[in-house]
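# Examining the three-dimensional arrangement
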Amino acid sequence: MSLIEAAAAGMGKKVYHESNKTKDVTPRLNLQKESGKVVTLEEAIKRSGLKDGMTISFHHHFRGGDKVVNLVVGTLAKMGFKNLKLAASSLQDVHEPLIDHIKNGVITEISTSGMRGELAREISHGLMEKPVIFRSHGGRGSAIANGDLHIDVAFLGASSCDPLGNACGYSRSNRAKSICGSLGYALPDARYADKVVILTDNLVDYPNTPNAISEHDVDYVVEVPMVGDSSKIASGAIRDTKNPRDILLAKQAAKVIVNSGYFKNGFSIQTGSGGASLAAVKYLRQSMIDNDIKASFALGGITAHMVKMHEEGLIDRLIDVQSFDKVAAESLKNDAMHKEVSACEYAAKDEPGAATHYLDIVILSALEVDVNFNVNVLVGSDGIIRGAIGGHPDTAEDAALSIIVCPLLRGRIPCVVDEVTTLITPGSSVDVVVTEYGIAVNPRRPELKERLAKAGLKIVDIVDLKDRALKVIGKPAPLPFGDKVVGIVMNRDGSVLDVIKNIVEPK
Amino acid sequence: MEVKNASAGTLESGDILIQIFPSEAEGVQIDLNSTVAYQFGEQIKTVITETLSGLGIDHVAIKATDKGALDCTIRARVTAAAVRATGKDVWA
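Right, let's talk about the overall build of chain B for a bit. What chain B contains, in helices and strands, is two helices and four strands. Along its sequence from the N terminus, chain B presents helices and strands in the succession β-β-β-α-β-α. Computed over C-alpha atoms, the radius of gyration of chain B comes to 12 Å, within 12% of the 12 Å expected from 2.2 N^0.38 for 92 residues, which places it in the range of a compact globule. Principal axes of the C-alpha set define a box for chain B whose edges measure 35 × 30 × 20 Å.

Written out as structure tokens, the structure is:
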């Protein structure tokens, strides 16, 4: 035995033998076009090894403009698949065709952050045998990483991809068809799913860098006419609310921030969606200029507002898990200080470096807040699912100061109630509730209450807010809930937080 | 009291559209469509019925399309519709 053979035997390895194969000498621009990864959708599904009962996943970065879920599930239905588990980062009105796929047994389980429209209405009335699992964005990231949510095949839409699978939410080619910006909610799927299929409406030459998703994680690339209608993410321009109540709430929220003790050079901030919370940033911006205070980063949910303040030098870095409008998406593409992060890096409880752990202030909206500061953002006061958890509980729990902005009433529906219809964000995470009738501070934060009162803000007891609402609207009758559980709300640590029961139409 | 077809109100959020039609049947028949029907449906019907009986109106059919109106709004819209339907000014 030679020394080489002995060394190999000692390591349990073979000895190298030179190959007889000749090199493929095709010019590489041509070779990449023959990449075995580029196939049709049907072929990608077949080769992925997808079987009945497995879990498929999707992201929702195109929001109401998404074309991928309906295309893929429609194709799976035609191919005869049954009992699939659909794990979406969220679902929208546009996903109404899923109702038929549920009725036909193609989809039998769903997990998501939220849902709206007809699909949500039918599910609230008991369409599915198994309850829908609702997770926050951070909670979904954790569940995928720790195996609670195992994905067999991920179908991820991308606005550009090369034949090897380097993909992102924008395109640098002049044939770009769509743009969604950050692919943050798709990144855990790309990393942990057994098989990853990228669907793209802009197949570009290798190397498509900088990329969000790496070829290393991608098994198949499918070219489709359109992955999403970018115009339906949100309008490109900054929309300023003209609603006087929203403006009042926004001004109050900005005053809370300025006087909270957290408004210092280098602070960090996130705003949720909703007119009042977006407008709050506008008023905060003026205070930042007046006091010469700059933010270290803005997190989210990045909007045109945040991009503008970054470009003005008021916010040093943008950390973007989801681009809320086209301006934000373009900024992510063009500005190196505008960073794309995965759902785990954004808000996972068990990710030590998650951005939410280092967040000072978050402004959030609510469908309902109760007298114990619990918040509901998922189920309407009529018992019908009509929203999404999003990052609400993640950011509220982690931020040093969480502010809920909501009107006392929406029409005849009270927003401050005895007990939330569905628990999404526990009251222990919520610090301040801003309404047009005054500001309630969680008793757990006496120092905050003192600072705000000292600044002359109108502090009220949350029970008085609830009573005031009831005085105006009268006493609501209890909702006609049935006994079937149609949804389970998971806390971000993987425990069960609440259940959603079916609504029974009164005869 | 003789009643003609009449209406009051709008379909704006926080308002209610009240349409009145003459009816052969005894009393007040209400066809209510409300965004807050589960919690306030019965209360809305009660307010409509009481407002009409206070004006001495029966033998009418009401079509009410509610977008979360408060009781005071409902009373105002029902009264305005009744005045238009009967031609009798209740405020005179």
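Moving on to the pairing of strand β13 (residues 315–323) of chain A. All names here are of chain A. Most of β13 sits out of view: seven of its nine residues are buried. In terms of strand pairing, strand β12 (residues 295–302) meets β13 through seven bridges, oriented parallel. In the strand pairing of β13, Ala295 is matched with Ile315.

All names here are of chain A. Within strand β19 (residues 401–405), five of the five residues are buried, which leaves the element mostly enclosed by the surrounding structure. Burial of β19 is two-sided: the residues Leu401, Ile403 and Val405 facing one way and the residues Ser402 and Ile404 facing the other way are all buried. Bridge count between strand β15 (residues 361–364) and β19: four bridges; the pairing is parallel. Along β19, the bridge assignment pairs Ile361 with Leu401. Pairing between β19 and strand β23 (residues 432–435): three bridges, direction parallel. Counterpart to Val405 in the pairing with β23 is Val434.

Along an α-helix, a turn takes 3.6 residues, which lines up residues three or four apart on a common side. Where burial is concerned, little of helix α1 (residues 3–11) of chain A is hidden: zero out of the nine residues are buried. Of the residues flanking the end of α1(A), it is Gly12(A), one or two places downstream, whose phi is positive at about 70°.

Contacts between the two partners involve 13 residues from chain B and, on the opposite side, twelve residues from chain A. Considering only residue class, the side of chain B that touches chain A consists of five nonpolar, five polar and three charged.

All names here are of chain A. A cis amide bond links Tyr206 with the next residue in sequence, Pro207, at an omega value of 0°. Along the chain, Pro207 turns up in the loop between β9 (195–200) and β10 (220–223). Put simply, Thr209 and Pro210 share a cis peptide bond, and its omega is -10°. Inspection of the secondary structure assignment puts Pro210 in the loop between β9 and β10.

Residue and element names in this part refer to chain A. By domain assignment, chain A separates into domain 1 (28–232) and domain 2 (244–479). Each side of the interface is counted separately: domain 1 has 32 residues, and domain 2 has 34 residues. At the level of elements, β4 (114–115), α6 (117–124), α7 (137–146) and α8 (187–192) are the ones that each hand at least two residues to the side of domain 1 that touches domain 2. If you tally residues by element for the side of domain 1 that touches domain 2, the top one is α7, at six residues. Among the residues forming the side of domain 1 that touches domain 2, the class breakdown is 13 nonpolar, 15 polar and four charged.

Residue and element names in this part refer to chain A. As for its position among the elements, Leu41 is in helix α3 (residues 41–48). Look at Leu41 and you get partly exposed, because 19 C-beta atoms sit within 10 Å. Considering only alpha carbons, one finds Leu41 and Leu199, 158 residues apart in sequence, at a separation of 8.2 Å. Those residues in contact with Leu41 that sit more than four places away from it in its chain are Thr75 and Val222.

For the rest of this paragraph, the subject is the packing of helix α9 (residues 244–258) of chain A against helix α10 (residues 275–291) of chain A. Relative orientation and spacing of two packed helices are given, respectively, by the angle between their axes and the distance between those axes. Residue and element names in this part refer to chain A. For the pair α9 and α10, interaxial distance at closest approach is 7 Å and the crossing angle is 50°. Here α9 lies oblique to α10, going by the angle between them. For the pair α9 and α10, the sense of crossing is right-handed. Where α9 approaches α10, its residues Asp246, Ile247, Leu249, Ala250, Lys251, Ala253, Ala254, Ile257 and Val258 are matched on the opposing element by Gly275, Ala276, Ala279, Ala280, Tyr283, Leu284 and Ser287.

Here we come to the sheet that holds β23(A). Residues and elements named next belong to chain A. What the eight strands build is an open sheet, ordered β14-β13-β12-β11-β15-β19-β23-β24; its pairing is mixed. Where the open sheet ends on each side, the last strands, each with one partner, are β14 (338–340) and β24 (438–441). The average undirected angle you get between the axes of adjacent strands in this sheet is 20°. Contacts from α9 reach β15, β19, β23 and β24 within the one sheet, and its direction differs from that of β23 by about 150°.

The rules behind each value
- Residues numbered from 1 in each chain as written.
- Chains lettered and ligands numbered in written order.
- Predicted model: local features only at pLDDT ≥ 70, side-chain atom pairs only at ≥ 80, totals over all residues.
- Helix = DSSP H or I, 4+ residues; strand = E, 2+ residues; numbered from the N terminus.
- Rg over C-alpha atoms; globule rule 2.2 N^0.38 Å.
- Buried ≥ 20, exposed ≤ 12 C-beta atoms within 10 Å, placed from the backbone.
- Pairing = 2+ DSSP bridges.
- Contact = placed C-beta atoms within 7 Å.
- Nonpolar A, V, L, I, M, F, W, Y, C, P; charged D, E, K, R; others polar.
- Domains from an automatic or database assignment.
- Axes fitted to C-alpha atoms, helices over the stretch in contact; angles between N-to-C directions.
- Parallel < 35°, antiparallel > 145°, perpendicular 65-115°, else oblique.
- Left-handed = near helix turned anticlockwise from the far one by under 90°.

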